[in-house]
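Below, each chain spelled out in residue letters.
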Amino acid sequence: MADGSSVSISRHDTGAHSWAMASRAPEPRLRSCVTDYVGYRESAQRPMRRLQAPFAGIPMILTFGPKIDIINGDRAAARDTHRSFLAGLHDVHVFTEYLGDQRGLQVNFTLFGAYRLLNIAMSDIANRCIDLGDLLGAEAPRLIDRLHDARDWPARFEIMD
């Protein structure tokens with residue numbers, strides 16, 4: 001990366017659940033639109049359910065593994081399943097859930113960045129998750145394939161830049 005920013009790596013392993021994360025800030029010209037990139041790899045022997053609290057950003061999840069269940073905190077009976085998606089601002093928490101191995105990349109957009117780079121109004125995605133194919137069309141599977149086939153996390157982050 002031109003500005004010399006490095007990739008930060010974190011790992012954890014309990015036997016029944018393990019994860020590794022790589023993160024990096026975007027290149028300087030994107031920083032008003034994207035706060036960070038987070039690559040992840042997880043493995044769980046039991047269903048892994050994670051609480052996702054509302055926050056003032058727009059995450060885009062690009063998975064290289066199985067689909068992720070998304071359960072709105074105020075509508076627990078309603079469950080969406082996506083492989084790759086954009087999550088709008090939520091006024092309640094959601095849960096994400098998967099079983100087995102999960103691998104992917106999360107791009108955290110600012111509100112301005114999601115509007116500017118993805119050409120989407122925040123009101124159109126409020127309290128919703130939009131399948132990446134619905135958002136990017138035929139570019140979605142091509143982008144995911146490029147990211148999957150990249151040699152490592154720094155190369156994936158460069159593709160996103």
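See the structure above.
The paragraphs below set out a description of the structure included in this document. (Residues numbered from 1 in each chain as written. Predicted model: local features only at pLDDT ≥ 70, side-chain atom pairs only at ≥ 80, totals over all residues. Heavy atoms only, no water.)

**Describing the nonpolar core**
Looking at soluble globular proteins, one finds that nonpolar side chains tend to be buried together. The condition that has to hold: Definition used in this section: a nonpolar core is a set of buried Ala, Val, Leu, Ile, Met, Phe, Trp, Tyr and Cys residues joined via side-chain atoms within 4.5 Å. Remark: exposure states derive from per-residue accessible area (1.4 Å probe, protein chains only) relative to the maximum for the residue type, with buried under 20%, exposed over 50%, and partly exposed in between. Only DSSP runs of H or I reaching four residues or more are called helices, and only runs of E reaching two or more are called strands; each is numbered from the N terminus. We call two residues contacting when some pair of their heavy atoms lies within 4.5 Å.
Core analysis: the biggest nonpolar cluster contains 27 residues, and Met-60, Leu-62, Leu-86, Val-107, Phe-109 and Met-160 have the highest contact counts within it. Elements with a minimum of two residues in this core: β3 (34-52), β4 (58-63), β8 (94-109), α1 (111-118), α2 (122-125), α4 (139-149) and α5 (153-160). At four residues, α4 tops the list of elements feeding residues into this core. Filtering out sequence-adjacent residues up to four positions away, Leu-86 remains in contact with Ile-58, Pro-59, Met-60, Phe-109, Leu-118, Ile-120, Ile-125, Arg-128, Cys-129, Ile-130 and Leu-135.

**Thoughts on the packing of aromatic side chains**
Threshold: Pairing of aromatic side chains requires ring centres within 6.5 Å, counting the rings of Phe and Tyr and the six-membered ring of Trp. Pairs whose planes differ by under 30 degrees are stacked, by over 60 edge-to-face, and all others tilted. Definition used: whenever NZ (Lys) or CZ (Arg) falls within 6 Å of the ring centre and also within 35 degrees of the ring normal, the charge is taken to sit over that ring.
Applying the stated criterion across every chain, the model contains three aromatic pairs. On the numbers, 5.8 Å between centres and 15 degrees between planes, the contact of Tyr-37 with Phe-157 is stacked. You can see Tyr-37 sitting in strand β3 and its partner Phe-157 sitting in helix α5, a full 120 residues away along the chain. Residue classification places Tyr-37 among the buried residues on the basis of a relative accessible area of 1%. Classification of Phe-157 as buried rests on a relative accessible area of 0%. Both rings, one in Trp-153 and one in Phe-157, keep their centres 6.2 Å apart while their planes meet at 25 degrees; by these two values the pair is stacked. Residue Trp-153 and its partner Phe-157 are both found in helix α5; the two are separated by four residues, about one turn of the helix. Each member of the pair Trp-153 and Phe-157 is classed as buried. Just above the ring of Phe-95 sits the side chain of Arg-49; from NZ or CZ to the centre is 5.3 Å. When the ring centre of Trp-153 is taken as origin, the NZ or CZ atom of Arg-156, which lies over that ring, is 4.5 Å away.

**Concerning the pattern of salt bridges**
Note the following rule: The salt bridge criterion pairs a side-chain nitrogen of Lys or Arg with a carboxyl oxygen of Asp or Glu, the two atoms within 4 Å.
Evaluated as defined, the whole model comprises nine salt bridges. When the shortest N-O distance is used, the salt bridge between Glu-158 and Arg-24 registers 3.4 Å. Taken together, the residues Glu-158 in helix α5 and Arg-24 in strand β2 (residues 17-24) connect sequence positions 134 residues apart. By relative accessible area, Glu-158 is classed as partly exposed at 38%. Salt bridges here are not isolated pairs; linked through shared partners, they connect Arg-49, Asp-69, Arg-79 and Glu-97.

**Quick word on the packing of α4 against α5**
Helix-helix packing is characterised by the crossing angle of the two axes and by the distance between the axes. Rules: Only the stretch in contact is used when a helix axis is fitted, and all axes are lines through C-alpha atoms; the angle between N-to-C directions ranges over 0 to 180 degrees. Angular relationships are summarised with four words: roughly parallel below 35 degrees, roughly antiparallel beyond 145, roughly perpendicular across 65 to 115, and oblique for the angles in between. Ten residue types, Ala, Val, Leu, Ile, Met, Phe, Trp, Tyr, Cys and Pro, are classed as nonpolar, four, Asp, Glu, Lys and Arg, as charged, and the remainder, Gly among them, as polar.
Running from N to C, α4 and α5 cross one another at 150 degrees; their axes reach a closest spacing of 8 Å. Classified by the angle between their axes, α4 and α5 sit roughly antiparallel to one another. Counting all contacts with α4, which are made through Leu-143, Arg-146, Leu-147 and His-148, the residues of α5 involved are Arg-156, Ile-159 and Met-160. Looking at the contact of α4 with α5 residue by residue, the class counts come to four nonpolar, one polar and two charged.

**Focus on the layout of surface pockets**
Here is the rule we go by: Here a cavity denotes grid points, spaced 1 Å and computed from the protein atoms alone, that fit a 1.4 Å probe unable to get out, and a pocket denotes an open set having protein on both sides within 12 Å along at least 5 of 7 lines; residues with an atom within 4 Å of a point are the lining. Grid points are joined across faces, edges and corners, and a volume is the space filled by probe spheres set on the points.
Its volume calculated, the largest pocket comes out at about 680 Å³. Taken together, 31 residues make up the lining of the largest pocket; nearest its centre are Arg-50, Gln-52, Ile-61, Thr-96 and Gln-106. Elements with a contribution of two residues or more to the lining of the largest pocket: β2, β3, β4, β5 (68-72), β7 (84-87) and β8. Tallying contributions element by element places β8 first for the lining of the largest pocket, with seven residues. Per-class residue counts for the lining of the largest pocket are 19 nonpolar, nine polar and three charged. Taken as a whole, the second largest pocket holds about 220 Å³ of empty space. Around the second largest pocket, the lining residues are Leu-30, Val-34, Tyr-37, Met-60, Val-107, Phe-109, Leu-117, Leu-118, Leu-136, Leu-143, Met-160 and Asp-161.

It is worth stressing that arrangement in space is one thing and function is another; only the former is reported here.
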